[in-house]
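Residue-level structure breakdown
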Amino acid sequence: MTRELPVITDPRQVQINSSLINRFWLSLIRDERDLPFVHLLARITLVIIPLGVLLYLPFVSGWVWWAVAILYLYFNNMVFKGPFGLMTHCISHRKLFKREVDWLNHYSNWLIGPFFGQSPNSYFTHHVGMHHPENNLEDDDSSTMLFQRDSFTSFLRYEAKFLFLGFYNVTRYFRTHDRPKLRHMLVIGEMGLFAFWALMCLVNWQATLVVFILPFFISRLIMMLGNWTQHAFVDFDEPENFFKNSVTCVNTKYNHKCWNDGYHTSHHLKPNLHWTALPDHLEQNLDEFAENRALVFQDIHYLHLWWWLMTKNYDKMVDHLININGMFSSREEAIELLKSRTRRMPRRGITSTSLRARAQAA
């Protein structure tokens, strides 16, 4: 356990050269710090789409088809999936392109997203429309509270619930919370994707399986694995406390590749804070993090935490835990707190609506 927060090496600024093409895109985007997103979309357009199209061409067959399929799955899942998924996260909170060219904001959502298994509108409606308002509480369909977070069996149940019931549960959430616009957006995007799959299967079902269907299932597994770990440690008495229901991972290559996604506590505290400003937010609020015993880990990312949770390796977690302001007196105390925050919680009617009602009554 490290006693003090180390020097943070995660990205805080974006280096921009003044090339002609950069000046063109800077004139169209809302925030110059998001120029790397344009570059990412360009690389995906030049790599993923051509490889995907090749798999549908009749003259690509035999071992050549399999070679292209392997290349496609490699670039899709190992190179671009993380950066694209977390770029989608960022631009769901802060649109990439200016209002004058708002149609460009649909390029990633409707054209690129399906290649990574993301149905149009689904990420925005689920994450911004439900997850943030509900803050991992009981009305949040992706809530971890009702599961034992260091149990692989519980994780499989959690994944199955989202995969098979997620669409129904989220549309029901929007219906009961009277948010018809978001419900319609979700239905159109999800049903549109499945209709598109059916059409493309008539063209070439093998290519459709590789290009669109496999990435869909991989994406939904990875997203739930991430959310599980981000909200694996939840305080039983204050599950609504942002400091006590999420984690932070600093000084990890993951933050350089995926736009500081490790700063999940700061993100819930300030959802619209730009990704480059998240390290500053942590440093500026360290005392509050310590007062709430917020969990900040270094040199690891969510996949490490997920594996150590599944294997109940709390010693390994504590090795990377930062003991801010000496908030833990010993390793044993830290381990005890980690274990207490992973235990399954019974339903107690703790929702954003019930908390607002209590606050108004008080």
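Up top you'll find the structure we're talking about.
A quick note: this is a predicted structure, and the numbers were derived from the prediction, not measured.

1. Thoughts on the pattern of salt bridges
- Tallied over the entire structure, the rule returns 12 salt bridges.
- The salt bridge involving D141 is made with K161; its shortest N-O contact spans 3.0 Å. You can see D141 sitting in the loop between α5 (122-134) and α6 (152-176) and its partner K161 sitting in helix α6, a full 20 residues away along the chain.
- Residue D141 is classed as buried on the basis of its relative accessible area, which comes to 8%.
- Classification of K161 as partly exposed rests on a relative accessible area of 26%.

2. Things to note about the packing of helix α3 (residues 62-93) against helix α7 (residues 180-230)
- Where α3 meets α7, the closest approach of the two axes is 11 Å, and the angle between their N-to-C directions is 25°. The angle between α3 and α7 places the two elements in the roughly parallel class. Both α3 and α7 take part in a crossing whose hand is right-handed. Within the contact between the two elements, α3 uses W65, A69, Y72, L73, N76, N77 and K81 and α7 uses Q206, A207, V210, V211, P215, I218 and S219.
- For the contact of α3 with α7, the per-class residue count stands at nine nonpolar, four polar and one charged.

3. Notes on the pairing of strand β1 (residues 247-250)
- Burial along β1 is two-sided: the residues V247 and C249 and T248 and V250 are all buried.
- Pairing analysis gives four bridges linking β1 to strand β2 (residues 295-298), with the strands arranged parallel. Across the sheet, the residue bridging to C249 is F297, located in β2.

4. Section: the nonpolar core
- Ranked by internal contacts, the top residues of the largest apolar core, which has 89 residues, are L55, F233, L282, L295, F297 and M317.
- Examining the composition of this core, we find that 12 residues originate from one element, α7, more than from any other.
- Excluding residues within four positions of it along the chain, F233 makes contact with K244, N245, S246, V247, L295, F297, L309, M317, L338, R341 and T342.
- Among the nonpolar cores identified, the runner-up in size contains six residues, and V170, F174, L182 and L186 belong to it.

5. Points about the side chain of N241
- Structurally, N241 can be placed in the loop between α7 and β1.
- Among the polar contacts made by the side chain of N241, one reaches the side chain of N292 at a distance of 3.0 Å.

6. Observations concerning the packing of aromatic side chains
- One pass over the full model with this rule turns up 26 aromatic pairs.
- Consider the rings of F115 and F212, whose centres lie 5.0 Å apart with planes at 50°: the pair is tilted. Taken as a pair, F115 in the loop between α4 (105-112) and α5 and F212 in helix α7 lie far apart in primary sequence, 97 residues in all. With respect to burial, F115 and F212 carry one shared label: buried.
- Here the aromatic cluster, defined as three or more aromatic residues joined through ring pairs, consists of F147, F152, F155, Y158, W228, W306 and W307.
- Just above the ring of F236 sits the side chain of R343; from NZ or CZ to the centre is 4.4 Å.
- Positioned over the ring face of F236 is R348, at 4.1 Å from the centre of the ring.

7. Notes on the packing of helix α2 (residues 35-54) against α4
- At a minimum axis distance of 12 Å, the contact between α2 and α4 shows a crossing angle of 25°. Taken as axis vectors, α2 and α4 run roughly parallel relative to one another. Seen along the crossing, α2 lies across α4 with a hand that is left-handed. For the pair formed by α2 and α4, the contact residues are L41, I44, T45 and I49 on the first element and Y107, S108 and I112 on the second.
- Tallied by class, the residues present in the contact of α2 with α4 amount to five nonpolar, two polar and no charged.

8. A few points about the layout of surface pockets
- Taken as a whole, the largest pocket encloses approximately 1000 Å³ of empty space.
- Taken together, 40 residues form the lining of the largest pocket, with L86, S219, I222, M223 and G226 sitting closest to its centre.
- For the lining of the largest pocket, the secondary structure elements donating two or more residues are α3, α5, α6, α7, α8 (253-257) and α12 (302-310).
- The greatest single-element share of the lining of the largest pocket, amounting to 12 residues, is contributed by α7.
- Here the residues of the lining of the largest pocket are counted per class, giving 17 nonpolar, 18 polar and five charged.
- Approximately 490 Å³ is the volume attributed to the second largest pocket.
- Together, 21 residues line the second largest pocket, and I91, N105, N109, N121 and F124 are the ones closest to its centre.
- Sorting the residues of the lining of the second largest pocket by element identifies α3, α4 and α5 as the ones contributing at least two each.
- Tallying contributions element by element places α4 first for the lining of the second largest pocket, with five residues.

What counts, and where the lines are drawn
Residues numbered from 1 in each chain as written. Predicted model: local features only at pLDDT ≥ 70, side-chain atom pairs only at ≥ 80, totals over all residues. Heavy atoms only, no water. Salt bridge = Lys/Arg side-chain N within 4 Å of Asp/Glu carboxyl O. Helix = DSSP H or I, 4+ residues; strand = E, 2+ residues; numbered from the N terminus. Buried < 20%, exposed > 50% of the residue type's maximum accessible area, 1.4 Å probe, protein only. Axes fitted to C-alpha atoms, helices over the stretch in contact; angles between N-to-C directions. Parallel < 35°, antiparallel > 145°, perpendicular 65-115°, else oblique. Left-handed = near helix turned anticlockwise from the far one by under 90°. Contact = heavy atoms within 4.5 Å. Nonpolar A, V, L, I, M, F, W, Y, C, P; charged D, E, K, R; others polar. Pairing = 2+ DSSP bridges. Core = buried A, V, L, I, M, F, W, Y, C linked by side-chain atoms within 4.5 Å. Polar contact = N/O pair within 3.5 Å; in protein donor to acceptor, adjacent residues only side chain to side chain. Phe/Tyr/Trp six-rings, centres within 6.5 Å; stacked < 30°, edge-to-face > 60°. Lys NZ or Arg CZ within 6 Å of the ring centre and 35° of its normal. 1 Å grid on protein atoms, 1.4 Å probe; cavity = no way out; pocket = protein on both sides within 12 Å on 5 of 7 lines; lining within 4 Å. Points joined across faces, edges and corners; volume = space filled by probe spheres on them.

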